[in-house]
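Fold and geometry: a report
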Amino acid sequence: MSMVRLRVNGATHEVDVDPSTPLLFVLRNDLDLHGPRFGCGLGQCSVCTVIIDGNATRSCITPVSAVRGEITTLEGLAKDGRLHPLQQAWIDEQAAQCGYCQNGQIMTAKALLDRNPNPSDAQIRAAMDGALCRCMTYYRVQAAIKRVVRGNGGREVK
Amino acid sequence: MNTSLPPGASRRAFLKGSGVLAITLSCGALPAARAPAAEAAAAGPYPDPDFRQLDTWIVIHPDNTATFHVGKTDGGQGTGTAFRQMMCDELDIAYERTSLVMGSSDITPDQGGSGGSDAIERDGWAMRRVAAEGRRVLLELASERLGAPVAMLTVANATIALQADAARKVTYAELLGGRRFNVAVEGRNVDAISVKAQVKPVNQLRVVGQSIKRYDIPAKVDGSLKWAVDMKLPGMVHARNVRPAFAGATLRRIDESSVAKLPGVLRVVSRGNYVAVVCEREEQAINAARQLKVEWQKPATKPFPASKDLFDYMRSAEPTAVTQPQVQGDPDAAFAGAKQLITAEYAVPFQGHTAIGPAHALADPSDGQMTIYSNDMKSYGLRNGVATFLGMPRAAVRVVYMDGPQVYGRTAADDAGFEAAFLAREVGRPVRLQWSREEETAWDTKGPPYVFRLRGALDAAGKLVALDYEATAADHAHLGYNEPDTVLIAQLMGRRPQRPARGGAETPAILYSIPNRRSAAKIVAMPLVWETPLRTGNLRDPNGPQVTFAFESFIDELAVAAKVDPLQFRLDMLRDATEDNVFRKARSIAVVEAAARTYGWDARPAPRPRTGTRGNVQTGRGIAYTYRGNTIAAVIAEVEVNRDTGRVWAKRIVCAHDCGLAINPEGLRHTVECGLLHALSRALWEEVEFDTEKVTSVDWTTHPSLRHSDTPERIDVVLVNGDPNPGRPDLPPYGAGETSHKPVIAAVANAVFDATGVRLRRPPFRSARVRQALAT
């Protein structure tokens, strides 16, 4: 065990864990941040996605000791009590079904729009392709992303 | 629609009716969380809530809000929102003033949990009746309070006033807030509840029919919802299973020293062939489960053929059950006199649930009781099953339903609940268990594989005069829900039921006029029946996607042989149908026509005529139609087939759908949409693969699923819902969770034929298979 310092959603935390512990379990079990969930532990499904320094990162295969930058989780998207435009679009489009994977959908979409505020349909499909959903909400998830792109007029959406 | 064999649907109906099954539920992200009754019972024991007491269903709070308790669960289809809408209408209270608790075995009445897509169709009636009764009782109380007969009162949004003087009024809270109704209702079971009040006719429903947004979504997108997987308790430890390395393997030795030095390891638990590790932390349990050295002895005989040999095996296996063929007319004579004889064989492999979140549960053995936090869709069944399994009184066991990954039938949530409870009792601490991805994908229950043989006879006019249908399903020992002698841990401990379940093999839902026909079905067993990952259980309309794929593909082949437009071919047979129960014939015709209109279907035989130079991408359209119970769906798929790569893309899907009264049209559309895409995933990607010892498709690389890039460019869900008899005020709602799921594989296969002239008779239609089919 050793002390690891993490910057998460604007706050600093110190946790005493084995440095090889996947970030996912530190976020969920030590910091009580439940947005990211366990889906595969293999980096294949995106359910565990967090954003580290702008990059959508699979926290289930990221050792906590390897994290250097600022971590944003689903809980950190809303600012000053206002939902992130993607979260609002998810509600407007009623994009979730069971919702278990939606953390991965939203966080992957956020990383995409932060990088490219005006993606084409093909770019949305390509960027989102690793975010799996077994309820098959893909059509509405894409509609929600397009809604944000439209509402934003292609501007930066952070 | 069913043969004399007990098919999935009727088996489920039996299970539910017997009261062996249970409930599910979900807590809304709403204010008044759990009812006062629940707090009092928190330490146990947990006797059954009395469904004959109004107070079990409805709690009126002092702030003039209400909480509804229902014995169902919501796997993400928005049924929870729909229940509230139905009950709000009957109780006359605004939707915003209500909250809902679902499927907690100690506080919600046992309505069997979810399953069979009957939440609205069946269970909604009991909810409506008790809510109507609540309104009636409140009106009587108001009558006394206001000194006026009920007939002179009016109700609006939880307030009762004199019709003649709106200022003289009293709220529900003033009449009953924080107190009990103390009113009993009647009924020999929960579905047969009868009350003095009348439910409202459809034309007086105001909340029903609105597309109210689901209450559970905001907390699911901001990360605030607490799921079953998020539950934590003081002293809680983490467990992972260690599964046999080979199907049917026997445990020979565990080398506990292999994990003794690992951090956090508390216990290696084993009983029979069941093995698990229990650790302080989650990642420690994952690591220890990987590191634990276990010697397994392979079984003397191969547990199953390799998946590439599955259908050959099924064709030659001795059946374990055979149905009495259903015969109508004189098929032999009709075949003998046929102008054209068409035959075809189809096959569908094992397909799994493979939930996005592996199975899990948290079990708490405190106070000599057992509380299980689970997303199991049948919480009462889990509760009863665990009580039997552990030899505990039922009242000592409680299941608290919380949200979780999708539940389309008998998932491994059942298995995980039993395992967590067993481990919690072993270690005497709350145990949180979650399966690994590989475990979920390999060991979860599967939909049964099928092989089909169809024969059809056309007369000189191209009409279908005879049909012969023969299905074989590998469904012997089909698992029920939460059975204490068939859940995986019970099997691995060596427990066995008296005899394996017979399983089901279905015949298609045929409304078409086919004057002479014979339908037969048989069931075969895999060589290894128990302790095998190839376990069959209900998966979203347990047999419908398989059976409808074969049947509606064959109807298409007949239309091709008759050189008739495939949509017209179906419409003609529907128009000639003699059955019209619940207007099913009229509604079927309306649904098929609506799909055609929405798509812009131009009548012509398939395949699409080739004109000019052929590019590498060919486009085609296909239709398939079906019904499930009283719900009807027609699906038109438009596909692009890349002849070079073999990739099939369903570019557009149209689904016309009629399930009677729509409680929440947008929620219904979404449910239908996701049912379509789930089936598209089964059409294009899903297959359980195995060698002769173990499942080899174990993660998202080896077991691919539909992805964003496969998503249609456009989906149109057309709600045809309407009563052909507009004078009838009582159009009932029918189930919608599974019907749209049934016809998609056939619609895609028919579209691929239209595009390419090549018939695909075996899903999934992955690129390699399609390329190969196009090359031959």
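Residues numbered from 1 in each chain as written. Chains lettered and ligands numbered in written order. Predicted model: local features only at pLDDT ≥ 70, side-chain atom pairs only at ≥ 80, totals over all residues.

1. Quick look at the overall build of chain B
Across its full length, chain B carries 21 helices and 27 strands. Over its C-alpha atoms chain B spans a radius of gyration of 27 Å, differing by no more than 12% from the 28 Å that the globule rule assigns to 776 residues. C-alpha atoms of chain B, sized along the principal axes, occupy 80 × 80 × 45 Å. Evaluated residue by residue, chain B yields a buried proportion of 59% over its 776 residues. Considering only intrachain contacts with a sequence separation of at least 6, the fraction spanning at least 24 residues in chain B is 81%. (Helix = DSSP H or I, 4+ residues; strand = E, 2+ residues; numbered from the N terminus. Rg over C-alpha atoms; globule rule 2.2 N^0.38 Å. Buried ≥ 20, exposed ≤ 12 C-beta atoms within 10 Å, placed from the backbone. Contact = placed C-beta atoms within 7 Å.)

2. Concerning the overall build of chain A
Within chain A, the secondary structure is distributed over five helices and five strands. Relative to a compact globule of 158 residues, whose C-alpha radius of gyration would be 15 Å, chain A shows 15 Å and is just as compact. Within chain A, the proportion of its 158 residues that are buried is 56%. Taking all contacts inside chain A whose residues are at least 6 apart in sequence as the whole, residues at least 24 apart take part in 59%.

3. So, the packing of helix H16 (residues 544-562) of chain B against helix H20 (residues 744-756) of chain B
All names here are of chain B. Interhelical geometry of H16 versus H20 gives an angle of 30° and a closest axis separation of 7 Å. As for how H16 packs across H20, the hand of that crossing is right-handed. Residue-level inspection shows Pro545, Thr548, Phe549, Glu552, Ser553 and Asp556 of H16 in contact with H20, the latter providing Ile745, Ala746, Ala749, Asn750 and Phe753. Of the residues in the contact of H16 with H20, the class split is six nonpolar, three polar and two charged. (Axes fitted to C-alpha atoms, helices over the stretch in contact; angles between N-to-C directions. Left-handed = near helix turned anticlockwise from the far one by under 90°. Nonpolar A, V, L, I, M, F, W, Y, C, P; charged D, E, K, R; others polar.)

4. Describing the domain arrangement of chain B
Under the domain assignment, chain B is made up of domain 1 (8-225), domain 2 (229-300 + 354-443) and domain 3 (544-775). If you look at the interface, domain 1 of chain B gives 21 residues, while domain 3 of chain B gives 18 residues. (Domains from an automatic or database assignment.)

5. Side note on the domain arrangement of chain A
Residue and element names in this part refer to chain A. Each assigned domain of chain A is listed with its residue range as follows: domain 1 (2-76) and domain 2 (85-152). Once you take the C-alpha centre of each, domain 1 and domain 2 turn out to be 21 Å apart. The interface of domain 1 with domain 2 comprises 14 residues on the first partner and 13 residues on the second. Among the secondary structure elements, those contributing two or more residues to the side of domain 1 that touches domain 2 are strand S3 (49-52) and strand S4 (55-58). For the side of domain 1 that touches domain 2, the element with the highest residue contribution is S3, accounting for three residues. Tallied by class, residues from the side of domain 1 that touches domain 2 come to seven nonpolar, six polar and one charged.

6. A word on the nonpolar core
Residue and element names in this part refer to chain B. Core analysis: the biggest nonpolar cluster contains 277 residues, and Val277, Ala420, Ala595, Val635, Val748 and Val752 have the highest contact counts within it. It is helix H5 (residues 119-146) that contributes the most residues to this core, 11 residues altogether. Leave out the neighbours within four places in its chain, and Val635 touches Ala624, Ile653, Cys655, Leu676, Ser740, Pro743, Val744 and Ala747. (Core = buried A, V, L, I, M, F, W, Y, C linked by C-beta atoms within 7 Å.)

7. Regarding the confidence of the model for chain B
Residues and elements named next belong to chain B. Per-residue confidence for chain B averages 93 on the pLDDT scale, and 93% of its residues sit at or above 70. Low pLDDT (under 50) marks residues 1-41, which in the prediction has 134 contacts with non-local residues, meaning those over four places away or in another chain. With a pTM of 0.94, the predicted complex shows an ipTM of 0.97. (pLDDT = per-residue confidence, 0-100.)

8. Details of the packing of H16(B) against helix H17 (residues 566-575) of chain B
Residues and elements named next belong to chain B. The geometry of H16 relative to H17 is characterised by a closest axis approach of 9 Å and an angle of 105° between their N-to-C directions. Taken together, the axis directions place H16 and H17 in an arrangement best described as roughly perpendicular. In this structure, H16 uses Ile555, Asp556, Ala559 and Ala562 to contact H17, whose residues at the interface are Pro566, Phe569 and Arg570. (Parallel < 35°, antiparallel > 145°, perpendicular 65-115°, else oblique.)

9. A word on the pairing of strand S21 (residues 450-458) of chain B
Residues and elements named next belong to chain B. The buried fraction of S21 is high, at seven of nine residues. Summarising the sheet, strand S14 (residues 340-348) and S21 pair through nine bridges and their orientation is antiparallel. Bridging across to S21, Tyr346 finds its partner in Phe452. One ladder, built from nine bridges, connects S21 with strand S22 (residues 464-473); its direction is antiparallel. Looking across to S22, one finds that Leu454 is bridged to Tyr469. Counted along the chain from S21 to the antiparallel partner S22, the turn is five residues long, and its residue Gly462 has a positive phi close to 80°. (Pairing = 2+ DSSP bridges.)

10. Brief notes about the interface of chain A and chain B
Facing 48 residues of chain A, the contacting portion of chain B comprises 48 residues. Elements represented by at least two residues in the side of chain A that touches chain B include exactly helix H1 (23-30), helix H2 (85-92), helix H3 (102-115), helix H4 (121-128) and helix H5 (138-152) of chain A. For the side of chain A that touches chain B, the element with the most residues is H5(A), which contributes four residues. Residue composition of the side of chain A that touches chain B, by class: 26 nonpolar, 15 polar and seven charged.

11. Things to note about the environment of His670(B)
As for its placement among the helices and strands, His670(B) is situated in helix H19 (residues 665-684). On a C-alpha basis, the gap between His670(B) and Val717(B) in space is 8.6 Å, while along the polypeptide they are 47 residues apart. Not counting residues up to four positions away in its chain, the partners in contact with His670(B) are Gln94(A), Arg140(A) and Gly78(B).

12. A few points about the sheet that holds strand S1 (residues 2-8) of chain A
Residues and elements named next belong to chain A. Strand order in the open sheet formed by five strands is S2-S1-S5-S3-S4, with mixed pairing between adjacent strands. At either margin of the open sheet sits one strand with a lone partner, and together these are strand S2 (11-17) and S4. With direction set aside, neighbouring strand axes in the sheet form an average angle of 40°. Relative to S2, S1 is paired through seven bridges, and the arrangement is antiparallel. Considered in S2, the bridge of Leu6 is made with His13. Those strands touched by H3 are S3 and S4, and its axis lies near 25° from that of S3.

13. Details of the environment of Met3(A)
Residue and element names in this part refer to chain A. Tracing the sequence through the fold places Met3 in strand S1. When the 9 C-beta atoms within 10 Å are taken as the criterion, Met3 is described as exposed. Once residues lying within four places of it in the same chain are set aside, the contact partners of Met3 are Glu14 and Asp16.

14. Describing helix H4 (residues 79-91) of chain B
Its 13 residues place the ends of H4(B) 18 Å apart at the C-alpha level, agreeing with the 18 Å of an ideal helix rising 1.5 Å per residue. Where burial is concerned, most of H4(B) is hidden: 13 out of the 13 residues are buried. (Expected span 1.5 Å × (residues − 1).)

15. Thoughts on the environment of Ala650(B)
Residue and element names in this part refer to chain B. By the element assignment, Ala650 lies in strand S26 (residues 648-658). According to the C-beta neighbour criterion, Ala650 is buried, with 27 such atoms within 10 Å. C-alpha separation for the pair Ala650 and Ala166, spaced 484 residues apart in sequence, amounts to 58 Å. Setting aside chain neighbours within four positions, we find Ala650 in contact with Ala637, Val639, Leu680, Pro712 and Val748.

16. Description of the sheet that holds strand S1 (residues 58-60) of chain B
All names here are of chain B. The strand order across the open sheet formed by three strands is S1-S2-S3, and the pairing between neighbours is mixed. With partners counted over all chains shown, the strands left at the sheet margins are S1 and strand S3 (98-102), one partner each. The mean inter-strand angle of the sheet, taken between neighbouring strand axes irrespective of direction, is 20°. Those strands touched by H4 are strand S2 (66-70) and S3, and its axis lies near 125° from that of S3.

17. Overview of unusual backbone geometry
The omega angle of the peptide bond from Ala606(B) to Pro607(B) is 0°, so this bond is cis rather than trans. By the element assignment, Pro607(B) lies in the loop between helix H18 (584-599) and strand S24 (617-628). Backbone torsion omega between Pro763(B) and Pro764(B) reads 0°, so that peptide bond is classified as cis. One non-glycine residue, Asn9(A), lies in the positive phi region at around 50°. If you trace the backbone, Asn9(A) turns up in the loop between S1 and S2.

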